[in-house]
Amino acid sequence: MSGDTGAKRIGVREVAAAAGVSTQTVSRVLNGYPGIRDVTRERVLDAVAALDYRVNNAARALGTSQTRTVGVVASDAVLHGPSAGIAALERAARGRGRWISTAYTDSDDPADIDAAVRHLLDQGVDGIVLVAAHGATSLEGYDVPLVPLYGESGARQRAAAALVVDHLVDLGHRRIVEVAGPADWREARARTRGVADALHRRGVERDGCVEGDWSAASGSAIAGAVADLVRAGATAVAVANDQMALGLVAGLVERGLAVPGDVSVAGFDDNPDAAFYTPALTTVRLDVEGEAAEAVATVLGEVAAPPADPVLVPRASTAAPRGAAPR
């Protein structure tokens, strides 16, 4: 009965007795060991459910050196990208028989990030994934593996940004503005590098760069600066995420510019609302589920299938510039 503080705590012995197996067999089932017959495993799990047994991670760690918990250090979780990443990590961890424990932190304070990491280490997590990793975040000097959600190299972030540039150049744009994310973010730097590499490869010079903070509000705030570049001849904008693109489009329209009539705008992330912007937003999609599965596998010393390649999602916010034919 809930609230009966005198009730006996259910332990491994009680589960073993109910399932008709040894306590060692119960432990092997709960810790995911191979070689257990399916019928035995089902009996143990049925007993666990019937008795409402709760695994004591601290006790299990003493015997296995593992808590079967993956730590997540996250900042800026109100933004779509980090929140989607945390949800994907939860699913990826559950798919490998783990849970996640999340510590939220101030992204601008390396000491706060370190404190969050050490809080998770005190819980005995088996590894840590960093969501919204910043340049000041150290990945070294800890007792368990730490990896950024999208990998240390940022290769797929760069490839995704290049897809946007190629799309705009193929439409005929030769004067492209970049709206970048905050320079201290690893992901923002990777996306900027991808834009620069693609522009160089296509023989097109960047027509200015304006930095935002990932939010729709910052996209709106920089719309005046972007509008000036458009009136000076720029015809397209590659934006580092969809939320900034949303604010930017609204700000450009307020200033009398039509999208895509006067300027094409493309985003990044393909967030769930992007298809319902006005106009619907051209963007690029990353395999967030695959990225999360790879990150969880990496910190656990396991192997996962590589994430799928990024995909361009063309919609109504981009078109050929006036007077230019698509290539």
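Just so it is clear, the model here is predicted, and its values are computed rather than measured.

Parameters at a glance
- Residues numbered from 1 in each chain as written.
- Predicted model: local features only at pLDDT ≥ 70, side-chain atom pairs only at ≥ 80, totals over all residues.
- Heavy atoms only, no water.
- Core = buried A, V, L, I, M, F, W, Y, C linked by side-chain atoms within 4.5 Å.
- Buried < 20%, exposed > 50% of the residue type's maximum accessible area, 1.4 Å probe, protein only.
- Helix = DSSP H or I, 4+ residues; strand = E, 2+ residues; numbered from the N terminus.
- Contact = heavy atoms within 4.5 Å.
- Pairing = 2+ DSSP bridges.
- Axes fitted to C-alpha atoms, helices over the stretch in contact; angles between N-to-C directions.
- Salt bridge = Lys/Arg side-chain N within 4 Å of Asp/Glu carboxyl O.

Draft legend 1. Structural context of the nonpolar core. Residues Leu-89, Val-237, Leu-248, Leu-252 and Val-265 are the most contacted members of the largest nonpolar core, which totals 66 residues. When residues in this core are grouped by element, the largest group, 7 residues, is from helix α7 (residues 155-171). Beyond its immediate sequence surroundings of up to four residues, Leu-89 is in contact with Val-72, Ile-100, Val-129, Val-131, Leu-149, Ala-292, Ala-295 and Val-296. If you look at the next biggest cluster of nonpolar residues, it comprises 13 residues, including Ile-113, Leu-120, Val-125 and Leu-130.

Draft legend 2. Main features of the sheet that holds strand β6 (residues 206-211). Strand order in the open sheet made by the 4 strands is β6-β5-β7-β8, with parallel pairing throughout. Unpaired on one side and paired on the other, β6 and β8 (264-266) mark the two borders of the sheet. Shown here is a sheet whose adjacent strand axes are inclined to one another by a mean of 20°, direction ignored. Here strand β5 (residues 176-180) pairs with β6 via 4 bridges, running parallel. Across the sheet, residue Ala-180 finds its bridge partner in β6, namely Glu-211. Most of the contacts of α7 go to strand β7 (residues 236-239), to which it runs at about 170°, and overall it touches β5, β7 and β8.

Draft legend 3. Region of the structure containing unusual backbone geometry. Residue Val-259 is joined to Pro-260 through a cis peptide bond whose omega torsion reads 10°. Residue position: Pro-260 is located in the loop between α11 (242-254) and β8. A cis amide bond links Thr-278 with the next residue in sequence, Pro-279, at an omega value of -5°. Looking at the secondary structure, you find Pro-279 in the loop between β8 and β9 (283-285). Phi angles above zero are rare outside glycine, and Asp-270 is one such case at about 50°. Checked against the element boundaries, Asp-270 lands in the loop between β8 and β9. On the accessibility criterion, Asp-270 (15% relative accessible area) is buried.

Draft legend 4. Up close: the sheet that holds strand β3 (residues 128-131). The parallel open sheet is built from 4 strands, whose spatial order is β2-β1-β3-β4. With partners counted over all chains shown, the strands left at the sheet margins are β2 (99-104) and β4 (146-148), one partner each. Strand-to-strand twist in this sheet, taken as the mean axis angle between neighbours without regard to direction, amounts to 25°. Where strand β1 (residues 69-74) lies against β2, 6 bridges are found, and the strand directions are parallel. Its bridge partner lying in β2, Val-72 is registered against Thr-102. Lying on the sheet, helix α5 (residues 80-95) is in contact with β1, β2 and β3; it crosses β2 at an angle near 155°.

Draft legend 5. Summary view of the side chain of Ser-264. Within the secondary structure, Ser-264 sits in strand β8. Accessibility expressed as a relative area gives 0% for Ser-264, which makes it buried. Look past the residues within four positions of Ser-264 in its chain and what remains in contact with it is Leu-168, His-173, Thr-235, Ala-236, Val-237, Ser-317, Thr-318 and Ala-319.

Draft legend 6. How the structure looks around the pattern of salt bridges. All chains considered together, the criterion is met by 17 salt bridges. Residues Arg-91 and Glu-289 are paired through a salt bridge, measuring 2.4 Å at the closest nitrogen-oxygen approach. Residue Arg-91 is located in helix α5, and its partner Glu-289 is located in helix α12 (residues 288-299); the two are separated by 198 residues in the primary sequence. We classify Glu-289 as partly exposed; its relative accessible area is 39%. Between Glu-294 and Arg-156 there is a salt bridge, and its shortest N-O distance comes to 2.6 Å. Taken together, the positions of Glu-294 in helix α12 and Arg-156 in helix α7 put the pair 138 residues apart, joining distant regions of the chain. Taken together, the salt bridges that share partners define one network made up of Asp-166, Asp-170, Arg-201 and Arg-202.

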